[in-house]
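Residue strings, one per chain:
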Amino acid sequence: MVKVFQAADATDLVTELRRSFDDGVTRGYEWRVTQLKKLLLICDNHEPEIVSALHDDLGKPELESSVYEVALLRNSINLAVKQLKDWMAPDKAKTSLTTFPASAEIVYEPLGVVLVISAWNYPFLLSIDPVIGAISAGNAVVLKPSELAPASSSLLAKLLEQYLDSSAVRVVEGAVTETTLLLEQKWDKIFYTGSSRIGRIIMMAAAKHLTPVVLELGGKSPVVIDSDTNLKITAKRIIAGKWGCNNGQACISPDYILTTKEFSPKVIDALKQELEAFYGKNPMESKDMSRIVNSNHFDRLSKMLEEKEVSDKIVYGGQKNRDKLKIAPTILVDVPLDSQIMSEEIFGPLLPIITLNNLEECFDVIRSRPKPLAAYLFTQNQKLKERFALTVSAGGIVVNDIAVHLAVPTLPFGGVGESGMGSYHGKFSFDAFSHKKAVLYKSFIGDAAIRYPPYSTGKLRLLKALVNSNILEIFRVILGLS
Amino acid sequence: MEAMKETVDQSLREMRDTFASGRTRSVKWRKTQLEAIIEMVKDNEDKMCDVLFQDLGKHSIEAFRDELGFVMRSATTALNSLDKWVVPRKSNLPLLFYPATGKVISEPYGTVLVLSSWNFPISLSLDPMIGAISAGNTVLLKASELSPNASALLAKTIPSYLDNKAIKVIEGGPDVATILLQHQWDKIFFTGSPRIGKIIMAAAAENLTPVTLELGGKCPTIIDHHSVSKDMKSVVKRISGGKWGSCSGQACISVDYVLVEQSFASSLIEMFKPVIKSFFGENPKESGCVARIVTKKHFQRLSRLLNDPRVQASIVYGGSMDEEKLYVEPTILLNPPLDSEIMNEEIFGPVLPIITLRDIQESIGFIKSKPKPLAIYAFTKDEKLKTRILSETSSGSVTFNDVMIQYMCDALPFGGVGESGMGRYHGKYSFECFSHEKAIMEGSLAMDLEARYPPWNNFKLTFIRLAFREAYFKLVLLMLGLKR
C-alpha cells in the first residue's frame, strides 16, 4: 500500500532535514566524502540494475547507460572526492588602502536544505550529478526524480535510501502533486532540470521564499555546417550526438542544421551513409537507439511530422510505430520556419535541415530564436569560429563536435535566457550549492579620525586622497601641507 | 501611464537595437562610458551633494565618502581592470578529450534593468550600472522616487555624459516599476527590501530572467568585551560611526542591534554617550552631521516601533523625535522585549537596541534564530569565537572588529544569502554579475575514435569505459588486442 505524500509530509520532511543540517550532520569533510563514496558504491554494485531500469524506461542501449550515465557519474564522484578539500578551503582576497589594515577571505558555506528536481531522459545522471554538488557543498538534500522514468525513479529511491544517510538525503517520488507540495516549502536552493515552461513555475514558487535557483532547461540547439568541414566526421559526430544520445531526447541534442543550399545535398548524403553504417538498413529494428519515452511524446513528434508543408519535406526515414514507441531517424529539408518542428524543441529523432543562400545568414536565424543550451559549428575557418563563439549567445558553444562539453568538468554547464540560469559540473557544482561568504578581519590599529563626525574640510580632502589611493596626497594632508 | 508604456517600449527597442549592433561589446566603448561616469561625478559633485542633502539631509562628507568617492573608485577599478576581465579563461581539459581545447568567455546578457534604492541613491544607481556597462550590456536605470532630487539629477545628467542609445534613465514609483517588470529583460538588478525582492523575482520568473537581489536584514553586532577590553573605545567609535554616521542607520548593512554580556551593558552604554556627543555635539539635530529620515511614512514607521510602551521603557539614551524635520535622535535601547516589532523587523533608523546575554557564546544561537542577515559584525579577538561565528552562523558577510567597511573592499563579493538576497557584486563580481559565462569547446576534425560510434559492441563499450576511467595503459592493451 503506497502511502500518499501530503502537505504535512512535505513539512515534516523539510523540518527533519533542517534539524539534521542545524545539528551539523552534513558540514564535516568526513560526512561528505563518506556519502560521495557511497554513491560510488552504488555505481560499482548496481550498474546492471541501473542499465535494466534505463532499458525499461527508455529502451536505452547498454552502452549509453553505462557510459553516459554511470561512467559520467563515476567520474563526477571521483573528481569531487579528490578535490573536496581544495574546494572547501577559503579563498584569500586582496584588501586595499581604504580598508587597511585588514585581511580578507571568502569562506564557502552550505546553503542548508536543498531540492533537486531531475528529468526523465537521463534519470540517473541528472539526479545524482546535482546531488553530488549538493553533498560536496555540505547541504542536506531532497531529490525528486521524474515520474516519466518510473523504474529509474524507484531504483533511485531504493538505492539512495539503502546507501546514504537518510537523516540528510532523501528521495521523494511522485508527479505534479508531490512536486507542488515540495515547492510550497522553503528551500535554501532549488536545482531543476527540465523544460522552460516548468522552469518558470519553479522560479515563481522559489520567489515566494527568496530561494535562489539553478534552472537547466533546453532549447533548439542549432548545428551550422560549413562547406570546408570534414563531412564524414561531421556526420558521424552529429549522428552520435543526436540519435546516439537517447534518440535525440537530450537537452543539448543537435536540434536542426543550417547549411548552404549548395552544400546541403552533400550533408544529406553523408548523414544517410553514416546513419546506415550505424543503424543498418532497418533502423526501426536497431537495438542501438532508445525508444520514444511515452505515447504523449510520440504523439507530439508525430504531429510535428504530419503538419502540412512538413510531411512532404522528409528526405530520409519518417517511419513510425506507436506500439513500439519508435520513430526512425528522420531528416527533413527546408520545412517552413514557422512550423511546429521549427518553433519548439524537437527532443526526438527528427532532424530538419534549413538551407541558406549564404552561410552568413545562420547568425540571423539563430538570433531570431530563443537562446539555446548549446550551439554547434563545423568548420575549419578560423574567422568563422571566432565570430561564432563571440556572437552566438547560447549556454555553451562547441566547434567541430557535439555534446562533449557536457563531460568536461572544467567547463561550466548551463544555459542563458530561455535555456536556463546557473551552471554546474566539476567545481561549478560545488559552487552552485554554496554561499561564498565574504569575511573581513580588521585590526584596531589605525583608527583614522577622518571616519567620524564632526566633518571638516581637512577630513574631506584626506578622504578624497584615500579614495583615489593617492599616497602623496594622503601624506600631504596628514602633514597639513594640502 | 499609456505614455509611460510607450516610453518604455521605445527605450527597450532602442537599447536592444544598440546591443544587437555590437557597439557595447567593444572594450573601447565600455571604457569611454566608465570615463564619462567619473567625469560626470567630478563635474557634478556639488550638485550631487546638494540633492543628497535635499533628499536625506546628508552632510557632504558622508555624501562623498559613501557615494561619490565610492562610485569614482568603482569606475576607476573597472576601467583599470577591464582589459583583464574580458580575457577568456582557458580551461584544462582531461586527456581523454585531447586535442580539444576549452575556454570560458564572459558575454553580456544584453539589455538589463537596474532598480535602485533611496538611501544611497547615487551609488546604488551608478555602481550596478558600472558593472552592467563593464560587462558590455545596455542598461536602464530606475532610481527610487523616495529620493526624488537624486533621481531627477541622474535622469537629467546621465544622458549628457553617457551613450543614451545604450544607457537610459526612467523616473517614477511603483507604477512605473510595474510597467518595467512586465517587459522582458536579460537581467534584473534590484536593491531594496525583501518584500519587494519577492515581487521582482516572481515577475522575472515569467521571462526566466536571472536576478540579483541586494536586500537587507537585521545585522547584529557582537561585542565580546572580554577580548577587546583594551580597544573598547575604538569599538564604540566604530559602531557609532557606522550606525549614526551613515544615513542615520538607514543602510542595508547598518548595525541593527548589539549583543553583549549583561555584566558589561551599563559600562557600554556609558561609553556610547560621550562618543555620540563628540560626533554630534549637544544638539545632534543642529549638527548637520545627522542624516534625516527619508519620508514621513518611514518616520511614522520608526515612531511606531518606538512608541510601543515596552520599547519606550527601554530607552536609555536619546529618544527624541521631530516629525516636521523628519529627525530621530541617536537612540539607544537596553533590552527591548524580543517579541517587540523593533526586534523583529529591520530597524533602518538611528535606534540601537542593546540585547544582553549571560554569556557571549549565546550570541550564536540568538543570531541563528533570526533570518540570515546581510552582514554580521563581531568585535572579538577570541579565535575560538571567530571560528564559531564563521562556521555556525550564515550571513552575506562577516566583518571582525569593524562595521560597514566590507562595502569598501572590492576584492570581496557584496551580497546576501537567504532573506538578505541572492547574487553579489563589487569589483570583478560586478562584471561577473552582468555576464553569462559561456563555455566554448573546440574539437579537432583530424582525429577520430571509432569507439565513439554505433553500432555498439563489447570492444567499444570496454574502450569507452577505460577511456572514462582514464586508464590509458589498459586502453592501449585493449587496442593491441592484449586485453579482453
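Residues numbered from 1 in each chain as written. Chains lettered and ligands numbered in written order. Predicted model: local features only at pLDDT ≥ 70, side-chain atom pairs only at ≥ 80, totals over all residues. Heavy atoms only, no water.

### Let's talk about the side chain of Glu274(A)
Residue and element names in this part refer to chain A.
Reasoning step 1: Its place among the elements puts glutamate 274 in helix H9 (residues 264-279).
Reasoning step 2: One polar contact links glutamate 274 to lysine 232, side chain to side chain, over a distance of 3.3 Å.
Reasoning step 3: Apart from the residues lying within four places of it in its own chain, the contact partners of glutamate 274 are Lys232, Ala235, Lys236 and Ile239. (Helix = DSSP H or I, 4+ residues; strand = E, 2+ residues; numbered from the N terminus. Polar contact = N/O pair within 3.5 Å; in protein donor to acceptor, adjacent residues only side chain to side chain. Contact = heavy atoms within 4.5 Å.)

### Overview of the domain arrangement of chain B
As a measure of interface size, the accessible area lost when the parts come together is often cited.
Reasoning step 1: Assigned domains of chain B: these are domain 1 (1-215 + 425-437), domain 2 (220-411) and domain 3 (451-480).
Reasoning step 2: For domain 1 of chain B versus domain 3 of chain B, the separation of C-alpha centres amounts to 51 Å. (Domains from an automatic or database assignment.)

### Describing the nonpolar core
Reasoning step 1: Of all hydrophobic cores here, the largest spans 168 residues; its most connected members are Leu39(A) and Leu271(A).
Reasoning step 2: Tallying contributions element by element places helix H3 (residues 62-88) of chain A first for this core, with 12 residues.
Reasoning step 3: Not counting the four nearest positions on each side in its chain, Leu271(A) is found in contact with Ala235(A), Ile238(A), Ile239(A), Ile257(A), Ile331(A), Leu351(A) and Ile353(A).
Reasoning step 4: Membership of the second largest hydrophobic core comes to 101 residues, among which are Trp29(B), Phe64(B), Leu79(B) and Phe431(B). (Core = buried A, V, L, I, M, F, W, Y, C linked by side-chain atoms within 4.5 Å. Buried < 20%, exposed > 50% of the residue type's maximum accessible area, 1.4 Å probe, protein only.)

### Some points on the UniProt feature "active site" (unreviewed entry) in chain B
All names here are of chain B.
Reasoning step 1: Within this numbering scheme, the UniProt entry marks Glu214 and Cys252 as carrying the feature "active site" (unreviewed entry). For the annotated residues, spread through 39 residues, the largest C-alpha to C-alpha distance comes to 8.6 Å, consistent with a single compact locus. In the annotated group above, the second largest pocket draws its lining from Glu214 and Cys252.
Reasoning step 2: Within the element layout of this structure, glutamate 214 appears in strand S7 (residues 211-214).
Reasoning step 3: A relative accessible area of 2% places glutamate 214 in the buried class.
Reasoning step 4: Contact partners of glutamate 214, with chain neighbours within four places excluded, come to Phe189, Phe190, Thr191, Gly192, Phe414, Gly415, Ser420, Gly423, Arg424 and Tyr425.
Reasoning step 5: By secondary structure assignment, the location of cysteine 252 is in the loop between helix H9 (232-244) and strand S9 (257-261). (UniProt positions renumbered as here; feature names shortened; annotations may be inferred. 1 Å grid on protein atoms, 1.4 Å probe; cavity = no way out; pocket = protein on both sides within 12 Å on 5 of 7 lines; lining within 4 Å.)

### What about the packing of helix H8 (residues 231-242) of chain A against H9(A)?
Residue and element names in this part refer to chain A.
Reasoning step 1: In contact at an axis separation of 9 Å, H8 and H9 are set at 60° when each is read in the N-to-C sense. Between H8 and H9, the angle is such that the two are oblique. In this structure, the crossing between H8 and H9 has a hand that is right-handed. For the pair H8 and H9, the contacting residues are Leu231, Lys232, Ala235, Lys236, Ile238, Ile239 and Ala240 in the first and Lys266, Val267, Ala270, Leu271, Glu274, Leu275, Phe278 and Tyr279 in the second.
Reasoning step 2: When its residues are assigned to classes, the contact of H8 with H9 shows 11 nonpolar, no polar and 4 charged. (Axes fitted to C-alpha atoms, helices over the stretch in contact; angles between N-to-C directions. Parallel < 35°, antiparallel > 145°, perpendicular 65-115°, else oblique. Left-handed = near helix turned anticlockwise from the far one by under 90°. Nonpolar A, V, L, I, M, F, W, Y, C, P; charged D, E, K, R; others polar.)

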